[in-house]
Amino acid sequence: MKNSMLSSAEIRIRFLEFFKKRGHAVLPSASLVPENDPSVLFNTAGMQPLVPYLMGQKHPLGNRLASCQKCVRTGDIEEVGNHKNLTFFEMLGNWSLGDYFKEDAIKWSYEFLTSKEEGLGLDPERLYVTVFEGDEDAPRDLEAVEIWKQYIPENRIYFLPKKNNWWSPGDNGPCGPDTEMFYDVTPDGLGEMTHNEYVAADEDGRVVEIWNDVFMQYEKRDGKVVGKLSQKNVDTGSGLERVTMLVQGKTNVYETDFFDQARSNLMIRTMEYTQNPEYIRWSRIILDHLRAALFLVSDGVVPSNKDQGYVLRRLVRRTVIYVQKIYKKTPHDIILPVVDSYANVYGEAYPNMLDVKATGYEVIRNEVEKFIKTLTTV
Ligand code: GLY
């Protein structure tokens, strides 16, 4: 299925409008740097700024919320450059803080994914769903299966264990079983699959996870589920770049419209310099790292030797390394157009990206200079 009509900006807006229409207050993205949680360097999921409210505190805007949250994850930085891993990404999410539960959460997920008018218009025949198989902490999620059966055939619903279908932001805090939605990305369609065939399709990327609905009603302490929360919450998460890739009929996130301008700016120059087949991966790393670096600067991070500043420094240094692999020279004329194109692409959704364009470029440029000096003096 391909809905080439929807741009990433339209998908972001559609998502927030869809949930607004269903009674959700739309929150602006919080900063990448968590405001009240020194235990983590970055917001890594849409729910992270909402943890106190999932634990029971009243949210001033009510008990139905939705957002598109800026996130940074560095745990798999070495994987960046493959078809789907990104350091910076945006996560679409909707939340019920003790309000609706499985019935509405699943219905709205299905509607948003498949509705041509209000949602993504994805092909229902390509959807597969997993649910929690149950263990000593929580029962087999037959309730979710019953709800899903209203929308998709039972033989496309698979039970999986905690390592797949349980979600928590860390060792402490709210958590719960989840149901996950996957999309068939093969040209001809996979059709009916047994449990084992489905697991194999997931392992080799023929189906791609597009959304999860976590039924957050438990609490974890020191890695152990210790009991139920005072309320039953819903916490959903869907990677904007990932769904954009599917909607735009692409097979890797770097071919989505987020990267169009930056990629062509980079590729035009890249082609002149190298025939090394590795250049595609190297170019993606540059595209990823510069985007993440610019977003970090836009949230006030400055390069340093610790915490968020160290991550920014590392991203810039890695950029220099990969730029030099391709160009074998100082890379300012590469970096500026890429930074510029990101400021343009994101200026509407995040107006401070336009304000920060000049500063962002200066910060990155200075850091590049410093690193090049280090390289030439060793
Ligand atoms: N909804 C959990 C997540 O962030 O993926």
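See the structure shown above.
Residue numbers restart at each chain and count upward from 1, following the sequence in its written direction. The predicted nature of this model means local features are confined to residues of pLDDT at least 70 and side-chain atom pairs, given and counted, to a pLDDT of 80 or more, with totals for whole chains, interfaces and linings taken over all residues. The side-chain values count all of the structure's non-hydrogen atoms but skip hydrogen atoms and water molecules.

Draft legend 1. View of the overall build of the protein. Along the protein, the regular secondary structure elements total 13 helices and nine strands. Seen through its C-alpha atoms, the protein measures out along the principal axes to roughly 65 × 45 × 35 Å. Of all 378 residues assigned to the protein, the portion counted as buried reaches 53%. The criterion used for residue contact is that any of the two residues' heavy atoms lie within 4.5 Å. In the protein, the share of contacts with a sequence separation of at least 24, taken over all contacts with a separation of at least 6, comes to 73%. Surface accessibility of the protein: about 16,500 Å² in total, with carbon and sulfur atoms responsible for 50%. Secondary structure elements follow DSSP: runs of H or I of four or more residues count as helices, runs of E of two or more count as strands, with numbering from the N terminus. Each residue gets one of three labels from its accessible area relative to the maximum for its type: buried under 20%, exposed over 50%, partly exposed in between, using a 1.4 Å probe on protein chains only. What sets the accessible areas is the Shrake-Rupley method with a 1.4 Å probe; for residues, cover comes only from the shown protein chains.

Draft legend 2. Region of interest: helix α9 (residues 279-298). Multiplying one less than the number of residues by 1.5 Å gives the expected span of a helix. For α9, with 20 residues, the first-to-last C-alpha span of 28 Å sits near the 28 Å given by 1.5 Å per residue. With 18 of 20 residues buried, α9 is to be regarded as a mostly interior element. Of the residues flanking the end of α9, it is Gly300, one or two places downstream, whose phi is positive at about 90°.

Draft legend 3. View of the nonpolar core. Trp148, Ile210, Leu296 and Tyr342 are the most contacted members of the largest nonpolar core, which has 106 residues in total. Sorting elements by how many residues they give to this core places α9 first, with 12 residues. Each residue touching Ile210, except ones within four places of it in the same chain, is listed here: Leu113, Leu122, Leu127, Met181, Phe182, Tyr183, Gly237, Ser238, Gly239, Val243 and Leu246. To form a nonpolar core, buried Ala, Val, Leu, Ile, Met, Phe, Trp, Tyr and Cys residues must be joined to one another through side-chain atoms within 4.5 Å. Core analysis: the next-biggest nonpolar cluster, separate from the first, contains eight residues, Leu160, Phe182, Tyr198 and Ala201 among them.

Draft legend 4. A look at the packing of aromatic side chains. Here the aromatic set is Phe, Tyr and Trp, taking the six-membered ring for Trp, and pairing holds for ring centres within 6.5 Å; pairs whose planes are under 30 degrees apart are stacked, those over 60 apart are edge-to-face, and all others are tilted. This model, assessed by the stated rule, comprises 25 aromatic pairs. Taken together, a centroid distance of 6.3 Å and an interplanar angle of 80° make the contact between Phe19 and Trp108 edge-to-face. Highlighted residues: Phe19 in helix α1 (residues 8-21) and Trp108 in helix α3 (residues 102-114), separated in sequence by 89 residues. Three or more aromatic residues joined by ring pairs form one cluster here, namely Phe15, Phe18, Phe19, Tyr100, Trp108, Phe112 and Trp211. Only Lys NZ and Arg CZ are tested; either one counts as a charge over a ring when it is within 6 Å of the ring centre and within 35 degrees of the ring normal. One Lys or Arg, Arg140, reaches over the ring of Phe159 and ends 3.7 Å from the middle of that ring. The ring centre of Tyr128 lies 4.7 Å from the NZ or CZ of Arg156, which sits over that ring.

Draft legend 5. Local environment of the site of the ligand. Any residue with at least one heavy atom within 4 Å of a molecule or strand is counted as near it. Residues in close proximity to the ligand include Ala45, Met91, Trp167, Asn212, Val214, Asp235, Thr236 and Gly237, which together make up its full environment. Counting of polar contacts relies on pairs of N or O atoms within 3.5 Å, with two restrictions inside protein: one atom must be capable of donating a hydrogen and the other of accepting it, and residues adjacent in sequence are counted only when both atoms are side-chain atoms. Contact distances for the ligand include 3.1 Å between a nitrogen atom and a side-chain N or O atom of Asp235. Within the backbone of Gly237, an N or O atom sits 3.4 Å from a nitrogen atom of the ligand. Alone, the ligand offers 200 Å² of accessible surface; in the complex the protein occludes 96% of this. Of all the secondary-structure elements, those providing two or more residues to the shell around the ligand are β8 (207-221) and β9 (224-239). In terms of residues, the shell around the ligand owes the most to one element, β9, which gives three residues. Charged means Asp, Glu, Lys or Arg here, nonpolar means Ala, Val, Leu, Ile, Met, Phe, Trp, Tyr, Cys or Pro, and polar covers whatever is left, Gly included. Per-class residue counts for the shell around the ligand are four nonpolar, three polar and one charged.

Draft legend 6. Just the pairing of β9, in detail. Pairing between strand β3 (residues 88-96) and β9: four bridges, direction antiparallel. Paired with Leu92 across the strands is Ser238, a residue of β9. The pairing of β8 with β9 spans nine bridges and is classified as antiparallel. Bridged to Arg221 within β9 is Lys224. Here β8 hands over to β9 after two residues, with Asp222 in that stretch at a positive phi of 45°. What makes two strands pair is DSSP finding at least two bridges between them.

Draft legend 7. Structural context of the packing of α9 against helix α11 (residues 332-346). Whenever a helix is involved, its axis is fitted only over the stretch in contact; in every case the axis is a line through C-alpha atoms, and angles between N-to-C directions fall within 0 to 180 degrees. In the contact formed by α9 and α11, the axes pass within 10 Å of each other and the chain directions differ by 60°. Judged by the angle between their axes, α9 and α11 are oblique. Handedness of the crossing formed by α9 with α11: right-handed. In contact with Leu287, Leu290, Arg291, Leu294 and Phe295 of α9, α11 contributes Ile335, Val338, Val339, Tyr342, Ala343 and Tyr346. Tallied by class, the residues present in the contact of α9 with α11 amount to 10 nonpolar, no polar and one charged. Oblique is the label for any angle not under 35 degrees, not over 145, and not in the 65 to 115 range, which are roughly parallel, roughly antiparallel and roughly perpendicular in turn. If you view the pair so one helix is near and one far, a crossing is left-handed when the near helix is turned anticlockwise from the far one by less than a right angle, and right-handed when it is turned clockwise.

Draft legend 8. Main features of the pattern of salt bridges. The term salt bridge refers to a pairing of a side-chain nitrogen on Lys or Arg with a carboxyl oxygen on Asp or Glu at a separation within 4 Å. Tallying each qualifying case throughout the model produces 24 salt bridges. We note a salt bridge from Glu90 to Arg12, for which the minimum N-O separation is 2.9 Å. Here Glu90, found in strand β3, pairs with Arg12, found in helix α1; they are 78 residues apart in sequence, far enough to count as distant. A relative accessible area of 0% places Glu90 in the buried class. A single network of salt bridges, built from pairs that share partners, joins Lys21, Arg22, Glu111 and Glu118.

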